[in-house]
Amino acid sequence: MAYKISNDCVSCGTCAGECPTGAISEGTPYVINANECVSCGTCAGACPVGAISEE
């Protein structure tokens, strides 16, 4: 199951830098490409505001 980024995202970019597959793109909020996400949870663990969760 892919992860998603909520509107709580502060667009800091931490998650994008941690994603091993490059599935996260810049935006407000940032966006996770569900087709590229391998559901590893690295982004959720790196998010300083807890804006990332499983769909």
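What you are looking at is a predicted structure, and each value in this text was computed from that prediction instead of being measured.

Cut-offs and rules
- Residues numbered from 1 in each chain as written.
- Predicted model: local features only at pLDDT ≥ 70, side-chain atom pairs only at ≥ 80, totals over all residues.
- Heavy atoms only, no water.
- Helix = DSSP H or I, 4+ residues; strand = E, 2+ residues; numbered from the N terminus.
- Rg over C-alpha atoms; globule rule 2.2 N^0.38 Å.
- Contact = heavy atoms within 4.5 Å.
- Buried < 20%, exposed > 50% of the residue type's maximum accessible area, 1.4 Å probe, protein only.
- Core = buried A, V, L, I, M, F, W, Y, C linked by side-chain atoms within 4.5 Å.

**Q** Which residues make up the overall build of the chain, and what are the values?
**A** Counting its secondary structure elements, the chain contains 2 helices and 4 strands. Along the chain, from the amino end to the carboxyl end, the secondary structure elements read β-α-β-β-α-β. What you see for the chain is a C-alpha radius of gyration of 9 Å, in line with the 10 Å of a compact globule of 55 residues. Look at the contacts in the chain between residues 6 or more apart in sequence, and 55% of them connect residues 24 or more apart.

**Q** Any details on the environment of aspartate 8? Residues and values, ideally.
**A** Position of aspartate 8 relative to the elements: it lies in the loop between strand E1 (3–5) and helix H1 (14–18). Accessibility expressed as a relative area gives 53% for aspartate 8, which makes it exposed. When the C-alpha atoms of aspartate 8 and threonine 28 are compared, they prove to be 9.7 Å apart, with 20 residues separating the residues in sequence. Once residues lying within four places of it in the same chain are set aside, the contact partners of aspartate 8 are Val49 and Ala51.

**Q** Tell me what's going on with the nonpolar core, and back it up with residues and numbers.
**A** Side chains of nonpolar character tend, in soluble globular proteins, to be buried together. With 15 residues, the main nonpolar core has Ile5, Cys15, Ile24, Ile32, Cys43 and Ile52 as its most contacted residues. With residues up to four places along the chain from it excluded, the contact list for cysteine 15 reads Ile5, Ile24, Tyr30, Cys43 and Ile52.

**Q** Quick rundown of unusual backbone geometry? Include the residues and the values.
**A** A cis geometry characterises the amide bond from threonine 28 onward to proline 29, with omega recorded as 0 degrees. Turning to its location among the elements, proline 29 is positioned in the loop between strand E2 (24–25) and strand E3 (31–32). Look at serine 11: it is not a glycine, yet its phi comes out positive at around 55 degrees. With respect to the helices and strands, serine 11 occurs in the loop between E1 and H1. Even without a glycine there, the phi angle at serine 39 is positive, about 55 degrees. Structurally, the position occupied by serine 39 is in the loop between E3 and helix H2 (42–46). We classify serine 39 as partly exposed; its relative accessible area is 26%.

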